[in-house]
Amino acid sequence: MDKYNRRKFLSYSLKGAAGLAAISLVPFGVNKIFNNNGMMYGNDSSGLPFSGGTPLPVPPLLKNMSSIPSKAKFQLSAQIAKTEFIEGKETDTYGYNGNYLGPVIRVRKGDEVSIKVKNNLNEETTVHWHGLEVDGENDGGPHSRIRPGETWNPKFTVTQPASTLWFHPHLLHKTGEQVYKGLAGLFYVDDDVSDNLKLPNEYGVNDIPLVIQDKKLDANGRFEYRLGMHDVMMGLQGGTILVNGAVNPYLEVPRGKMRFRLLNGSNARIYELLFSNNQNFYQVASDGGLLEQPVEMTKLVLGPGERAEIIVDFSMFKDGDTVELTNQGTEFMKFMVTGNKQQDFNIPNQLTKIERIDSSKAVKTRKFIFQGMGSNVNINGQQMDMDRMDEYLTLNTTEIWEISNESTGMMGGMAHPFHAHGIQFQILDRDGKQPPANESGWKDTILVYPGENVRAIATFKYPGIFMYHCHILEHEDAGMMGQFKVE
Ligand code: C2O
Ligand code: CU
Ligand code: CU
């Protein structure tokens, strides 16, 4: 980081620290901001009443410019735009190849991928491929800055299984703001295993992405990235939930099974997703790909950065019925069931085979402790410093990472989503107990609750410099991040 920015950031942090003393007098219980899940939807006065009146936008698939099989070439441009979240009312946003959010990049396992990323913003940015197993040079972390007007051209071969990954900026101290303004997109990997499953997989038809984000949208449909004390503590959370950039969207669905790929693309909010009729659904994939078995559930918890693929069956509805997707009982998206009967899909009992990483192969157990609050959030007592390498690892070794959340404190603490770049983990245990079934596959983002201790295992197959951090973006930007070098 250049010295100027560092000074600016420090003075900002100090203001944060001063405010911290004051805010401790506020009765936190009222907002429930320190309960485990950080749930507070509906307490934010910026929340708009639910109407379900906007058709759900489905982001376009990004055109592959290569005609050679197994080679994929894409062009992305980060740009300045204006977007109407409320009809007739514009707000300043950023987008990739558009006004808000970005297209879906779709590749196959084995593809050689080249992406030209042009920065058409007036500030620096980076583009990070969240969940992608790739070397440090092509990962798009804070080291890979793209200056305004310049183009960055990462190249990599996709070696991991079918999955729903995503991309977003990762500029030091600016990730929260750039994501909030709209820079985020999905990155799909396909492979033969997922193709052969015959799950719904027609993009935009029966296989629909749902990028869930919350905003502090004012009555004029505007939002700005400004952090109040509460935001410095909890991360920026707003009372309006957007799906694919739309407020109160609806989607017409046939009387049959649909696949939804959910991304929590929010800066800080943890969602507890339920259908308004409490119906069940099946989770078939977690962050890094298919689960071995589908997991039946009625409630899905999704922390910032996490993804889940779910299959929802609408066949018991009648033509014209509606059902809502809710966060803790508050509706934010409506499904309108149409009379169309679609092809029936059977969810297989065995989706894929995941080879368990043998924990006796681990060469080391490394500890990461989340500590502090507000502008003091840190990992192992350290805040991010580009000039300090925190951890050194040996290429092609397996390690156990033990992540503890000590941010319990006087106010009950809060959950932090731990994320590391360039790898996919398998969770060994949570507080010594087996993780829930929907966390038994590949994970790159792991919610760690106050006082909890999670052990995860990974094999480090790519060299380079990578980040690990809390995926509450305001925590990351405040310094709850470190870097590791694999060589
Ligand atoms: Cu999704 Cu380091 O990021
Ligand atoms: Cu990442
Ligand atoms: Cu955090």
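The following paragraphs examine the structure supplied in this document. Along each chain, the written sequence defines residue order, and numbers are assigned to residues from 1. Written order determines the labels here, with chains lettered from A and ligands numbered from 1. In keeping with the model being predicted, local features are shown solely for residues with a pLDDT of at least 70 and side-chain atom pairs are shown and tallied solely at 80 or more, while totals for entire chains, interfaces and linings include all residues. Side-chain figures throughout are based on the complete set of non-hydrogen atoms in the structure, without hydrogens or water.

This next bit is on the overall build of the protein chain. Check the secondary structure of the protein chain and you find six helices and 33 strands. Note on exposure labels: buried denotes an accessible area under 20% of the residue type's maximum, exposed denotes more than 50%, and partly exposed covers the range between, all computed with a 1.4 Å probe on protein chains only. Burial analysis of the protein chain (487 residues in total) assigns 60% to the buried set. Put simply, of all contacts in the protein chain between residues at least 6 apart along the chain, 76% involve residues at least 24 apart. All accessibility values rest on the Shrake-Rupley procedure with a 1.4 Å probe; residue burial counts only the protein chains present in the view. Total accessible area on the protein chain is roughly 18,900 Å²; 48% of this is exposed by carbon and sulfur atoms. Strands here mean DSSP runs of E at least two residues long; helices mean DSSP runs of H or I at least four residues long; both are numbered from the N terminus. Between two residues, a contact is recorded if the distance between any of their heavy atoms is within 4.5 Å.

Within a sheet, adjacent strands bond to each other through the backbone by hydrogen bonds, running parallel or antiparallel. In short, DSSP must find at least two bridges between two strands for them to pair. Across the sheet, which stays open at both edges, the seven strands sit in the order β13-β12-β11-β15-β20-β17-β18 with mixed pairing between neighbours. Taken across any chain shown, the strands that pair with only one partner, and hence form the sheet edges, are β13 (246-247) and β18 (289-297).

The rule for donors is simple: an N, O or S atom within 2.8 Å of the metal counts, and for Na, K and Ca the reach is 3.2 Å. Water is not among the atoms, so a site may look short of donors. Distances from the copper ion (ligand 2) to its protein donors, H128 (NE2) and H419 (NE2), fall within 1.9 Å. Of the two residues, H128 is situated in strand β6 (residues 128-130) and H419 in strand β27 (residues 416-420); the sequence distance between them amounts to 291 residues. Since its relative accessible area comes to 0%, H128 is described here as buried.

Pairs were defined over the aromatic rings of Phe, Tyr and Trp, the Trp ring being its six-membered one, requiring ring centres within 6.5 Å. Orientation was assigned from the angle between planes: stacked under 30 degrees, edge-to-face over 60, tilted for the rest. Under the definition given, this model contains 31 aromatic pairs. Consider the rings of F368 and Y468, whose centres lie 4.7 Å apart with planes at 65 degrees: the pair is edge-to-face. Taken as a pair, F368 in strand β23 (residues 362-371) and Y468 in strand β32 (residues 464-470) lie far apart in primary sequence, 100 residues in all. Judged on exposure class, the residue F368 and its partner Y468 are both buried. Counting every residue linked through ring pairs, the aromatic cluster contains F368, F370, W401, F418, F425, F460, F466, Y468 and F484. When the ring centre of F223 is taken as origin, the NZ or CZ atom of K215, which lies over that ring, is 5.1 Å away. Charge-over-ring placement is defined geometrically: NZ (Lys) or CZ (Arg) within 6 Å of the ring centre, and within 35 degrees of the ring normal. Above the face of the Y188 ring, R261 is positioned so that its terminal group lies 4.0 Å from the ring centre.

What follows covers unusual backbone geometry. A positive phi angle, near 65 degrees, is found at H173, a position not held by glycine. Its location among the elements puts H173 in the loop between β9 (163-168) and α3 (175-181). Residue Q328 is not a glycine yet carries a positive backbone phi of 50 degrees. By the element assignment, Q328 lies in the loop between β21 (322-327) and β22 (330-341).

The next thing to look at is the coordination of the copper ion (ligand 3). With distances of 2.0 to 2.1 Å, the protein atoms coordinating the copper ion (ligand 3) are H416 (ND1), C470 (SG) and H475 (ND1). Each donor residue of the copper ion (ligand 3) belongs to the same chain, with the gaps between them written as H-x53-C-x4-H. Here H416, found in strand β27, pairs with C470, found in strand β32; they are 54 residues apart in sequence, far enough to count as distant. Taken as a pair, H416 and C470 share a single burial class, namely buried.

Moving on to the environment of H143. Looking at where H143 falls in the secondary structure, it is placed in the loop between β6 and β7 (151-152). A C-alpha to C-alpha distance of 8.3 Å links H143 and M386, two positions 243 residues apart in sequence. Setting aside anything within four residues of it in sequence, one finds H143 in contact with M386, I465, M467 and Q483. Polar contacts involving the side chain of H143 include one to the side chain of Q483, which spans 2.8 Å. The term polar contact refers here to a pair of N or O atoms within 3.5 Å; inside protein, the definition further demands a hydrogen-donor-capable atom paired with an acceptor-capable atom, and it admits residues adjacent in sequence only when both atoms are side-chain atoms.

Bringing the pattern of salt bridges into the picture now. A pairing counts as a salt bridge when a side-chain nitrogen of Lys or Arg comes within 4 Å of a carboxyl oxygen of Asp or Glu. Under the criterion given, the structure shown has 33 salt bridges. Residue D92 is joined to K82 by a salt bridge in which the shortest nitrogen-to-oxygen separation is 2.6 Å. Of this pair, D92 sits in strand β3 (residues 89-96) while K82 is found in strand β2 (residues 71-86), placing the two residues 10 residues apart along the sequence. Taking the shortest distance from any N to any O, the salt bridge between R106 and D190 comes out at 2.9 Å. Of this pair, R106 sits in strand β4 (residues 105-108) while D190 sits in strand β10 (residues 185-190), placing them 84 residues apart in sequence. If you follow the salt bridges from partner to partner, you end up with D287, E306, R307, K443 and D444 in one network.

Attention shifts here to the pairing of β23. Pairing between β23 and strand β26 (residues 397-405): eight bridges, direction parallel. Each bridged residue has a counterpart across the sheet, and for K364 the counterpart in β26 is E399. Here β23 pairs with strand β24 (residues 378-379) via two bridges, running antiparallel. Bridging from a neighbouring strand, Q371 pairs with N378 of β24. Here β23 folds back onto β24, and the loop between the two strands holds six residues, one of which, G372, carries a positive phi near 80 degrees.

So, on to the sheet that holds strand β29 (residues 442-443). Strand order in the open sheet formed by six strands is β24-β23-β26-β31-β28-β29, and the pairing between neighbours is mixed. Because the sheet does not close on itself, it has two edges, and the strands there are β24 and β29.

Keep in mind that these numbers describe shape and distance, not what the molecule does.
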